[in-house]
Amino acid sequence: MADNAVGAADEISRLSLGGHGPEPPLPPPTLRSAGIIATDITDKFTAAVATLEPGELVKDGLFTLFDSVAALEIMDPKMDSGCVQPGEEFEVLYDVSRSLLPEEVLGIMDQLLCHEMAWHLGYPLSQTIFTSVYVEALLMPEPGSIRQAEFVRNRSQEVKQEPLLDILRAYCLGMLKACGHVNERIKSEHFYEEEDFVPNTYNRTLLTDFPTQDVKDALEAARGTVESLKGSIPDRIAEALISRLDLRDIFLDTAESPQHVRDLVKARLPWEAAIAILPRISSTHSLTKPVEDAFSTKLQRKLASTMPPRPIVQLKFDDAFNNLSRLCKDGLEVIGVLKYTDSQCLQTFVYTFQSKKPQPMVYVRTLLQTFLFNAMEILGSMSIRQLLDDDFSIITLPANPLLDRDNDEIEAVHDPRFVMSQQMELFRQRAAQPFLDILRTACQNRCRVRRTLCHLIRDWENLQADAEDIDQILQIKTKEQPLLQRSALGLNPIETYSLPLSSWTYLYKLQQMEAIVQLGFELEVYQTDELAGMYWYLNYLAKSRLQHTERIKTFVVRQTTTARFSPTIDPGQEAQLQRSLAFTRLSLLQAAVTWEFSDALSCIYTVLNRHAIIKPPPRPYSNDQLRYDLRMRPFASVSLPTPPSFGEFTLGTTQPDSSTEELLEYAERAATSAKRGFETLSRFSAEDSFSVGSHEAWTASAKGALKACIAAGVAISCLQKALQRTAGGRGTERGLRVAATVPTPDKAYHEWWIVPTVVPTVTVEMGN
């Protein structure tokens, strides 16, 4: 430790001198201040350190950990933002009042646009917008009004600012105000700081206290200035300046779209205007002239930050413009959620919108959250009860007295309708948060969606236990007649009750469990040799969902049959029954194709693993049991469906009782059946698929899965031909002479269905 202490002393001495290697000792500094005597203590310090025993530490009580870290940071250019290299100026030597060419003003505007989009992508303001000397001049010192927000403060009234600088000032004000709106919107919703977005403003204000109208007035005045300059500047440059000022004005309008949550047309207008103006900006970018000196990392020294200096994020204009276009298109598309059809269409819209590739930016995702949950209202007009009751009526309770609002008016405690109302309200209170969490979770980035679903499963497991208790009470109060079903052994019929609330809960729990596994494929959580096992488990879950949906359908059909012979049924109830039947048909088909296709892929990957066509990576610290525990961990708290044991999982993954030929034949039948199912799904209308408002994206997903089915058929055919060429027709002597490539999700036809590409490795001669 003594040697280490000497080394630390040398390091501190070296850092204090700003050098990068051994330096000769310098003489004591010459201080001419009265009462100060400089003494060289290097020798004394070295001698004192030499007396320390190994492991012995000396620490002053007032020398904190922060002080020690700061001592190491001082004069290190990588850690100390105040470090000035020899010959370097501390301040940014840029005159914000200097004259600019029109092309330079355009260049600065487009550079600021690039930095703004980099901020939207998740980079901090300290590396993007706050590196602009013009932005720093506007924000510091903090202006008290829009008139004080000038590049040069306290400027004499007689000294007028150049017109082009007035135009640039208005653009900067519009940009900063828009960024302030974006920052406040994102912070008001659920997001993950540093992972999705960096809201830190480093003790700067993004003009949040300034009225938006004042900024819009400044933009309007700047447009008038451009008009007055026509004739002295080229017309094309004038149009380019106006288009950029218009973009800033329009973007301020888009920030107010949540205020028009009940007016779909007004909410769409600014986004449509933004999309319309983008071609004008793109076509005039060639007129710009960059001004590199107008941006500097030295400005980071003035920010309230503990972070070391970081380089400026240099986003190319083409990339920034593409992201801006995507932001505007996604912003326009997200307005479509305001057109409510039913709860299932709403969920389909959210799922398909959030699964877009690339995923919408965090600002658009938080806009979606605002539309969904702002002020405890769904889409600005619906209560949570309305949304839940609508979903109940689609899945398990179509035209059911349990959802009759008149039950709320009953005050007689012994009346069954009073108990029905009380118990249904109790279940709504318990189900509201888990149900809304599904929608809120879908608004996060894809990694967080899977991670959060793993936690939500526990809430739905607890909700199912509550639902079963409430179902028992309702079953007695409504005097429900059981349905007699034949037992599996063909003995006496079994009495079966509908249990609508627990059936509703169980269906959602199964869907989320499937989503966790499917997102694992999309996010490349599993290694290639694990795909056989995970597709087998997906098949296991889909089979449970199919059986449960068939049970729900049985009771919906019984209720529909009974209602048709009722003289009191009205058109609204009949529509609910038909809608519920349509949902059960869709749910049955979706569960069936998931079952069939996952079964086919599991067989394919089992064959590839069996013949070592896919080789597992080296795992010196892992085994099959540990990997099984890891993959099943999200489902450990689930009691139903019962998680498979390690033995069952291994047996289902390897299928030792089936030959390779039998596996391929079974995979071929399953893939063909899945293909027919996806063909049927791809022809569903928006109403039949419950995708009103997002039918195009929903159909594209179904067609992608259909293409994956076709690709699976090709892979199976190639494996079967290779098997026929092997000795004995079973491939046990020489193995299958094929090579397999497992594509990444972004290269696959569908990110949930990873189909391997199988090609023969030898050329077979004619006649063999």
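Under an unreviewed UniProt entry, the name given to the chain is Mak10 subunit, NatC N(Alpha)-terminal acetyltransferase, and the source organism is Metarhizium album. Under the Subcellular location (unreviewed entry) heading, UniProt states for the chain: "Cytoplasm". Note on the chain: under the UniProt heading Sequence similarities (unreviewed entry), the record states "Belongs to the MAK10 family."

Q: Please explain the packing of helix H17 (residues 531-564) against helix H20 (residues 646-654) as it appears in this structure.
A: Between two packed helices, the angle of one axis relative to the other and the distance separating the axes together describe the packing. As a packed pair, H17 and H20 sit with axes 9 Å apart at the nearest point and diverge in direction by 110°. Taken as axis vectors, H17 and H20 run roughly perpendicular relative to one another. Across the interface between the two elements, Ala532, Gly533, Trp536 and Tyr537 of H17 pack against Glu648, Phe649, Gly652 and Thr653 of H20. Tallied by class, the residues present in the contact of H17 with H20 amount to four nonpolar, three polar and one charged.

Q: Can you help me understand helix H10 (residues 317-334) in this one?
A: Along an α-helix, a turn takes 3.6 residues, which lines up residues three or four apart on a common side. With 18 residues, H10 ought to run about 26 Å at 1.5 Å a step, and its terminal C-alpha atoms sit 25 Å apart, in line with that. Of all 18 residues making up H10, 13 are buried, and the element is well covered by its neighbours.

Q: Got a minute to help me understand the packing of aromatic side chains in this structure?
A: In this description, a pair of aromatic rings is defined by centroid distance and the angle of the planes. Under the defined criterion, the tally for this structure stands at 28 aromatic pairs. Arranged with centres 5.9 Å apart and planes meeting at 85°, the rings of Trp536 and Phe649 form a pair that is edge-to-face. One end of the pair, Trp536, is in helix H17; the other, Phe649, is in helix H20, and 113 residues separate them in sequence. Take Trp536 and Phe649: they sit in the same class, and that class is buried. Cation over ring: Arg440 sits above Phe373, and NZ or CZ is 4.1 Å from the ring centre.

Q: Where do I start with unusual backbone geometry in this structure?
A: Omega for the bond connecting Met140 with Pro141 falls within 30 degrees of zero, at -10°, which places this linkage in the cis form. Position of Pro141 among the secondary structure elements: in the loop between helix H5 (133-139) and helix H6 (163-187). A cis amide bond links Lys357 to the next residue, Pro358, at an omega of -5°. With respect to the element layout, Pro358 can be found in the loop between helix H11 (343-354) and helix H12 (362-373). Not every positive phi belongs to a glycine, and Leu379 is a case in point at roughly 60°. With respect to the helices and strands, Leu379 occurs in the loop between H12 and helix H13 (384-395).

Q: Can you walk me through the environment of Leu589 in this structure?
A: With respect to the element layout, Leu589 can be found in helix H18 (residues 571-610). Owing to a relative accessible area of 19%, Leu589 belongs among the buried residues under this scheme. For the pair Leu589 and Thr680, spaced 91 residues apart in sequence, the C-alpha to C-alpha distance is 8.8 Å. Sequence-distant contacts of Leu589, defined by excluding residues within four places in its chain, comprise Gly677, Thr680, Leu681 and Phe684.

Q: Could you clarify how one ought to interpret the pattern of salt bridges in this entry?
A: Side chains that carry opposite charge are capable of pairing whenever their charged atoms lie near each other. Here the structure, examined in full by the defined rule, presents 37 salt bridges. Notably, a salt bridge pairs Asp246 with Arg280, separated by 3.8 Å at the nearest N-O pair. Placement of Asp246 in helix H8 (residues 235-254) and of Arg280 in helix H9 (residues 264-283) is noted, with a sequence separation of 34 residues between them. Here Asp246 falls in the buried class, since its relative accessible area comes to 18%. A residue is classified by how much of its surface remains accessible, and Arg280, at 35% relative accessible area, is partly exposed. Between Glu377 and Arg262 there is a salt bridge, and its shortest N-O distance comes to 3.7 Å. Residue Glu377 is located in the loop between H12 and H13, and its partner Arg262 is located in the loop between H8 and H9; the two are separated by 115 residues in the primary sequence. Taking relative accessible area as the criterion, Glu377 reaches 30% and is therefore assigned partly exposed. Its relative accessible area of 65% is what places Arg262 among the exposed residues. Among the ionic contacts, a cluster of salt bridges with common partners joins Lys216, Glu220, Arg223, Asp246, Asp249, Asp253 and Arg280.

Thresholds applied
- Residues numbered from 1 in each chain as written.
- Predicted model: local features only at pLDDT ≥ 70, side-chain atom pairs only at ≥ 80, totals over all residues.
- Heavy atoms only, no water.
- UniProt positions renumbered as here; feature names shortened; annotations may be inferred.
- Axes fitted to C-alpha atoms, helices over the stretch in contact; angles between N-to-C directions.
- Helix = DSSP H or I, 4+ residues; strand = E, 2+ residues; numbered from the N terminus.
- Parallel < 35°, antiparallel > 145°, perpendicular 65-115°, else oblique.
- Contact = heavy atoms within 4.5 Å.
- Nonpolar A, V, L, I, M, F, W, Y, C, P; charged D, E, K, R; others polar.
- Expected span 1.5 Å × (residues − 1).
- Buried < 20%, exposed > 50% of the residue type's maximum accessible area, 1.4 Å probe, protein only.
- Phe/Tyr/Trp six-rings, centres within 6.5 Å; stacked < 30°, edge-to-face > 60°.
- Lys NZ or Arg CZ within 6 Å of the ring centre and 35° of its normal.
- Salt bridge = Lys/Arg side-chain N within 4 Å of Asp/Glu carboxyl O.

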